[in-house]
Structure formats: structure tokens, C-alpha cells
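Residue strings, one per chain:
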Amino acid sequence: MFLERFRSEGLSHLSYVLGDAGEAFVVDPRRDVDDYLECAHRHGSRITRILETHRNEDYVVGSCELAARTGATIHHGAALGFRYGLPAGDGQCFESGDLRIEVLETPGHTDESLAFALYDLAGDERLPVAVFTGDTLFIGSTGRTDLLEDRATESAARLYDSVHGKLLPLGDQTLIYPAHGAGSVCGSGMAKREFSSIGYERGTNPVFRLDREAFIRHKLAERPYQPPYFRHMEQVNQEGPVIRGHPPTPLPLTATAFAEAMANGLWAVDVRSPEAIAGALIPGSLALPVEMISAFAGWFLPDGIEIGLIADRYGDVEEAVRRLYRLGYDRIDARLDDGLHGWEVTGRPYQTVPPIHASALKERMESGTPFTLLDVRGRSEIATAALPGATEIYLGELPGALDRIPPERPITTFCGSGRRSIIAASLLLRAGFDQVEICLGSMEACKAVGCPIERRS
């Protein structure tokens, strides 16, 4: 028997391949499926079943793509009307050799959520070896329950019942394989580890210290951000994504052709580092450093648009394509040939985002110099370390809150380390603000130089 885990960077999405006796099962595949095919081939196995723990809202599921490539059957929860695959419910089992998977219905995060308990029939077949928990139980936390907004209380209650009634009874020896790790938008407070057990979580996971009513109150008090693309992802994953066969390959365009494409609706997305973008930025482009694509592309890039990439290295183009493709962006048609240098040598205009060092920011704050310090971090970050007098607007919500920012004085964008700050700066420039600068290093640098920092919790 074998089991391998695959991590999608940025999304913190975890998927799995397991198998025995020449067959392999895949749990919650991402859209680019070659890694699963290679894994099965390496183990001399054929992928025969694809198991979905729930309809995902943060990425395009790869089940239909993988089924088209392998002939495998797809299995998901019966409580939602999927337009592909087969419904599965409590007690249903799938076997191959010494491997047995038993289906557990675990509603709460979503109505149709499932978990899959793994048994080794060569050992004690009464005790599961592991369980794939989807977004029901994470390491150090549980899944969010706000997606069904009109039934948030009911969802929290059902999640509590699923965890205590279905997962904990599997036994302390059971290893936990969740669908996401730390950094995912599908939950909060997750441990950075990607391995645990029912027994360890029973003793350490904070949610297990709460009774049912306290757990419900705890989940209702959570206020996770909900990117606007979630609803589109839900629809795509319920109906079944378009089968493409492979991610798109953006064609190189000269600066002239790239500018013409922008004039005709191409979204220019700059995936370089914050420092490079601050030095020279194409007017109208969106700064989105490659590490930030998975977290923020869905906030700012409309569905169905044509995208052109600006990068220093072709490796960054490939990584950007992978991350955008997993979010359902298929029209990544172009890249700027020779990067921004190709733009500069034509004499075309570019913008700059002047950097301000954290020590200069500290002096400005202490002297009372008028400016707007725009902190685009999330609520939980600001609660533990805030700068006095800052205007606090979460990055994803910035386009809808520009009226809170006075245009007549300098604006310094600020985040945890600088990556989100450059995104905010590009959004402001696109909106017509002309006095925009960035604090490179942001909070990490501020801590190092001794900026005044408040703790609110």
C-alpha cells in the first residue's frame, strides 16, 4: 500500500494518491493532474477512483480532467446536485487489495461534505489507519461554516456533530489528512504541520475544549474573508469544469503588440518582485507577485478575461500560469517579450512607486508629518500588531473602499513584508491616485527598527 501527498503552493491545498494491488485512488485533485498520473505510474497502478470530500470554493477541482485522462469514476456527496460523477454516502466502501476506503458523511463546512476512512485489511481491519477529512477537520482547527450564510448556526452545529460523532470515534490511532494546511482561506488557526492524529487533536486542538453551544458561538464569531470568486468556483465545481487537457501557454508579444492588446482589454498582470515592480510599472497593470496570485487573483481579476503576464524569468511565467489555471483562468494568452526591459527600450511610459524605509516611516509617524499610512493586512494580523493612526483596509476590499483614502496627500502602502503593499500600490495607481509609495519590508521591518506598535488583543 502507498500514500503520497501533494501540496498546491499559495492555496495551501492538499491532495492525495493512495493505492494497492495495481489500483490507485485520488482524493481532491487539483486541475493540473500530471503529478497524479506520474505517481500512479511510478507505483505500477491505474487510477480507478477519484474521491471528492466536498464542492470546493477556492480552486477548480481536477476530477473531470483526471477522469477524462484515466477513465476513473468520480465519487462525491449525495446532498448536492452535481452534474457529473456518482453520489456516495455513509458506509459505502471501495477496496483494492489490502486497501479499503469507507465513506463518512460529515456535513457542516458544506452540506455534502464527506470524509474517507482508510483501513489496512492486512492489519486490524476494525481500526482505521487514517482519515481524509476534507475541510471538516484541520490540524489545529476546523473548517469555516459561513459559506451557507443563511444557515450559519445550523452549519456550525452540524460541523460539531460531524467531528464528534463521525471523526473522533475513529480512534486516537487514526492519522488525519485534511484538504488544506496553514494559509488556506478555508479556515483559520491551522497548525503549520501537515500531519497529526485524532488522538493528538483531541488533546491539543482548541475546538475540542468547547462544548456544543460554545463551539457554535465560536464559529459564529469567526469572520473569515470571502473572496468574490468563491461563488463562481462553487458553480464551476458543481457543474464540472471544462476539460482542457493542459494549462495554457502564453505567447510572447512585443511591447507594441502588448500595448495594443492592453488597449483592447488585455489585463496586464505583473508577477515580478515588489522591488522590481516599484522600480518600473506599466501604467494600468496590476501588480501581483507570483507568490500572491493564489491568495488575491480571485479578488481582482474578473472571470473570463484575457491575461498578459509581465515577468523577469520564464520560470515565473510557468508558475503564474499554474496558479491562475488552478483558479479557473484559462485565457492566459500572452506574455511581454523580454519582460519590462522590452517595454522600456521602446520609450514607452512607466510608473514608479517610491520606497520608504521603515526607519523613515518611523520618523514621519513621530514627527506628525501629514500622510496616509494604508495598512492592508487582515484583521487578525492587525489585532496583534497595529500602527497608530493607520487607515486599515483589507487588501481584497480596497477597490470598494477608495473613498476612505484622501487623494491630496502621500499614501504609504503597508502590509506584513511588502508583497501585499505593492498590490495595493498598483490598485491605487490604476484608480488615479498619484502620490503613492511603498514601505518595503513593512511590519517585519518596522519591528526591526522599533516603530511604535500597538497590540489590541
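The present account deals with the structure reproduced in this document. Being a predicted model, the structure only gives us computed values, none of them experimental. (Residues numbered from 1 in each chain as written. Predicted model: local features only at pLDDT ≥ 70, side-chain atom pairs only at ≥ 80, totals over all residues. Heavy atoms only, no water.)

1. Re the overall build of the protein chain
Moving on, step 1. The helix and strand tally for the protein chain stands at 15 helices and 23 strands.
Moving on, step 2. For 457 residues, the compact-globule estimate of 2.2 N^0.38 gives 23 Å, and the protein chain sits close to it at 24 Å.
Moving on, step 3. Taken over the C-alpha atoms alone, the protein chain extends approximately 70 × 50 × 35 Å along its principal axes.
Moving on, step 4. Each of the 457 residues in the protein chain was classed as buried or not, and the buried ones make up 55%.
Moving on, step 5. Residue pairs in contact within the protein chain that sit at least 24 positions apart in sequence constitute 69% of those at least 6 positions apart.
Moving on, step 6. As displayed, the protein chain has an accessible area near 18200 Å², and 49% of this comes from carbon and sulfur atoms.
Moving on, step 7. Here the protein chain carries 46 positive and 64 negative side-chain charges, and the mean point of each set is 3 Å from the other. (Helix = DSSP H or I, 4+ residues; strand = E, 2+ residues; numbered from the N terminus. Rg over C-alpha atoms; globule rule 2.2 N^0.38 Å. Buried < 20%, exposed > 50% of the residue type's maximum accessible area, 1.4 Å probe, protein only. Contact = heavy atoms within 4.5 Å. Areas by Shrake-Rupley, 256 points an atom, 1.4 Å probe, with all protein chains shown as cover. Lys, Arg positive; Asp, Glu negative; His and termini not counted. Charge placed at Lys NZ, Arg CZ, Asp CG, Glu CD.)

2. Notes on the sheet that holds strand 10 (residues 130-134)
Moving on, step 1. Taken together, the six strands give an open sheet; going across it, the order is 7-8-9-10-13-14, and neighbouring strands pair in mixed fashion. The outermost strands of the open sheet, each flanked by one partner alone, are strand 7 (93-96) and strand 14 (196-197).
Moving on, step 2. Packed on one face of the sheet, helix 3 (residues 152-167) meets strand 8 (99-105), strand 9 (114-120) and strand 10 and runs near 145 degrees to strand 8. (Pairing = 2+ DSSP bridges. Axes fitted to C-alpha atoms, helices over the stretch in contact; angles between N-to-C directions.)

3. Considerations on the nonpolar core
Moving on, step 1. Core analysis: the largest hydrophobic core is formed by 77 residues, its most contacted members being Leu301, Leu309 and Ile423.
Moving on, step 2. A total of seven residues in this core trace back to one element, the largest contributor, which is helix 14 (residues 419-430).
Moving on, step 3. Apart from the residues lying within four places of it in its own chain, the contact partners of Ile423 are Leu286, Ala287, Leu288, Pro289, Met292, Phe296, Phe300 and Leu395. (Core = buried A, V, L, I, M, F, W, Y, C linked by side-chain atoms within 4.5 Å.)

4. So, the pattern of salt bridges
Side-chain pairs of opposite charge can arise where the charged atoms are in close proximity.
Moving on, step 1. Inspection of the entire model under this criterion finds 32 salt bridges.
Moving on, step 2. A salt bridge links Arg331 to Glu306, with the shortest nitrogen-to-oxygen separation between them at 3.7 Å. Remark: Glu306 occurs in the loop between helix 9 (293-300) and strand 18 (307-310) and Arg331 occurs in the loop between helix 10 (314-326) and strand 19 (332-336); sequence separation between them is 25 residues.
Moving on, step 3. The exposure class assigned to Arg331 is partly exposed, which follows from its relative accessible area of 41%.
Moving on, step 4. A relative accessible area of 25% places Glu306 in the partly exposed class.
Moving on, step 5. What emerges from the salt-bridge pattern is a single network uniting Arg30, Asp32, Asp35 and Arg326. (Salt bridge = Lys/Arg side-chain N within 4 Å of Asp/Glu carboxyl O.)

5. Some points on the packing of aromatic side chains
Moving on, step 1. If you walk through the whole model with that rule in mind, you get 10 aromatic pairs.
Moving on, step 2. When the ring of Tyr225 is compared with that of Tyr394, the centres are 3.7 Å apart and the planes differ by 10 degrees; the resulting orientation is stacked. Of this pair, Tyr225 sits in the loop between helix 5 (212-221) and helix 6 (230-239) while Tyr394 sits in the loop between strand 21 (391-392) and strand 22 (411-414), placing them 169 residues apart in sequence. Each member of the pair, Tyr225 together with Tyr394, is buried.
Moving on, step 3. Here a set of aromatic residues connected by ring pairs shows up, and it is made of Tyr225, Phe296, Trp299 and Tyr394.
Moving on, step 4. Above the ring of Tyr225, the side-chain terminus of Arg379 is found at 4.1 Å from the ring centroid.
Moving on, step 5. We note Arg430 situated over the ring of Trp267; from NZ or CZ to the ring centre the distance is 4.7 Å. (Phe/Tyr/Trp six-rings, centres within 6.5 Å; stacked < 30°, edge-to-face > 60°. Lys NZ or Arg CZ within 6 Å of the ring centre and 35° of its normal.)

6. Focus on the side chain of Glu112
Moving on, step 1. Tracing the sequence through the fold places Glu112 in the loop between strand 8 and strand 9.
Moving on, step 2. For the buried Glu112, no salt bridge exists, and the shortest N-O distance to an oppositely charged side chain is 4.8 Å, to Arg55.
Moving on, step 3. For Glu112, the side chain forms a polar contact with the main-chain nitrogen of Arg55, separated by 2.7 Å.
Moving on, step 4. Setting aside residues up to four positions removed in sequence, Glu112 forms contacts with Thr53, His54, Arg55, Gly77, Ala79, Leu80 and Phe82. (Polar contact = N/O pair within 3.5 Å; in protein donor to acceptor, adjacent residues only side chain to side chain.)

7. Re the sheet that holds strand 21
Moving on, step 1. With parallel pairing, the four strands of this open sheet are ordered in space as 21-20-22-23. Two strands bound the open sheet, and with one partner strand each, they are strand 21 and strand 23 (436-438).
Moving on, step 2. Looking at chain direction, strand 22 and strand 23 are connected through three bridges and run parallel. Looking at the pairing, Thr412 lines up with Glu437 of strand 23.
Moving on, step 3. Packing against the sheet, helix 12 (residues 358-367) makes contact with strand 20 (372-375), strand 22 and strand 23, and its axis sits at approximately 125 degrees to strand 22.

8. A few points about the packing of helix 3 against helix 5
When two helices pack together, their arrangement is given by the angle between the helix axes and by the axis-to-axis distance.
Moving on, step 1. At their nearest, the axes of helix 3 and helix 5 sit 9 Å apart, and the two run at 130 degrees to each other. Relative to helix 5, the element helix 3 lies oblique. Crossing geometry of helix 3 relative to helix 5 is assigned as right-handed. Contacts from Ala152, Thr153, Ala156, Ala157, Leu159, Tyr160 and Asp161 in helix 3 reach Arg212, Phe215, Ile216, Lys219 and Leu220 in helix 5. (Parallel < 35°, antiparallel > 145°, perpendicular 65-115°, else oblique. Left-handed = near helix turned anticlockwise from the far one by under 90°.)

9. Regarding the packing of helix 1 (residues 34-42) against helix 2 (residues 63-70)
Moving on, step 1. Interaxial distance between helix 1 and helix 2 falls to 10 Å at its minimum, and their mutual angle equals 45 degrees. By the angle between their axes, helix 1 is oblique relative to helix 2. You can see that helix 1 and helix 2 cross each other, and the crossing is right-handed. In this structure, helix 1 contributes Asp34, Tyr36 and Leu37 to the contact, and helix 2 contributes Leu66, Arg69 and Thr70.
Moving on, step 2. Residue classes in the contact of helix 1 with helix 2 are distributed as three nonpolar, one polar and two charged. (Nonpolar A, V, L, I, M, F, W, Y, C, P; charged D, E, K, R; others polar.)

10. Considering helix 6
Moving on, step 1. Looking only at helix 6, the buried set comprises Phe230, Met233, Glu234, Val236 and Asn237. Taken end-on, helix 6 shows its buried residues confined to a sector of 165 degrees, consistent with a single buried face.
Moving on, step 2. Downstream of helix 6 by a residue or two, Gly240 has a phi angle that is positive, lying close to 105 degrees. (Arc of directions from axis to C-beta.)

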